[in-house]
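# Observations on the model geometry
So the chains spell out like this:
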Amino acid sequence: MILNVAKEQLNWEELQHHEDFIRLDDVMSVLHTELFYYKNDDLTVRATMQILEHSNRDNNFELLTNSYTHAHPESIRLEFRDNHKIGDYKNLEEAKDAAQVYFNHHHQTNHK
């Protein structure tokens, strides 16, 4: 079993390969943070946030959440996916701040 849960502060890293957004010609970079990851023999669950930097918008930084579940008993792979746009922001710091607020309000777990 693998379990990883974001705790207090979100840790951002740049994705070098962002296939999910390759169809968008104006995406210059993608930052990614993992909120939750769980995996065992039968199930994978993951929740992330991404900040996409666009080259041709007034508010260039788009904040998205992405959650998915893979059920894989007997090598049958089912995927349940949820993408949600939180908003567009003028700069990277605004987008990161909005992500932290969203995380604190919607995702943060109680640590006992």
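Look up: the structure comes first, before these words.
For the structure given in this document, a descriptive report is provided here. (Residues numbered from 1 in each chain as written. Predicted model: local features only at pLDDT ≥ 70, side-chain atom pairs only at ≥ 80, totals over all residues. Heavy atoms only, no water.)

## A word on the pattern of salt bridges
The line we're drawing: A carboxyl oxygen of Asp or Glu within 4 Å of a side-chain nitrogen of Lys or Arg is what we treat as a salt bridge. Where helices and strands are cited, they refer to DSSP runs of H or I of at least four residues and of E of at least two residues respectively, numbered from the N terminus. Under the scheme applied here, a residue whose accessible area is under 20% of the maximum for its type counts as buried, over 50% as exposed, and between as partly exposed, the area being computed with a 1.4 Å probe on protein chains only.
Inspection of every chain in the model, using the stated rule, returns five salt bridges. R57 is the salt-bridge partner of D88, the closest N and O atoms lying 3.7 Å from each other. Here D88 is found in strand 6 (residues 78-89), whereas its partner R57 is found in the loop between strand 4 (43-54) and strand 5 (61-71), with 31 residues between them in sequence. A salt bridge links K85 to D88, with the nearest nitrogen and oxygen atoms 3.0 Å apart. You can call K85 partly exposed: its relative accessible area is 40%.

## Some details on the nonpolar core
To keep things clear, this is the line we draw: The set of buried Ala, Val, Leu, Ile, Met, Phe, Trp, Tyr and Cys residues whose side-chain atoms join them within 4.5 Å is what this entry labels a nonpolar core.
Ranked by size, the top nonpolar core spans 15 residues in total, and within it L10, L35, M49, I51, L63, Y89 and F103 carry the most contacts. Elements represented by at least two residues in this core include exactly strand 3 (27-39), strand 4, strand 5 and helix 1 (92-106). In terms of residue count, the dominant contributor to this core is helix 1 (five residues).

## Side note on the side chain of T48
This is how it is decided: Here a polar contact is taken to be a pair of N or O atoms separated by no more than 3.5 Å, where protein atoms must pair a possible hydrogen donor with a possible acceptor and residues adjacent in sequence count only if both atoms sit in side chains. Throughout, a contact is declared for two residues whenever any of their heavy atoms are within 4.5 Å.
Secondary-structure assignment places T48 in strand 4. Overall, the relative accessible area of 4% leaves T48 in the buried class. A polar contact is formed between the side chain of T48 and the side chain of Q50, at a distance of 2.7 Å. Ignoring any residue separated from it by four or fewer positions in sequence, one finds T48 in contact with H32, T33, E34, L35, L64, T65 and N66.

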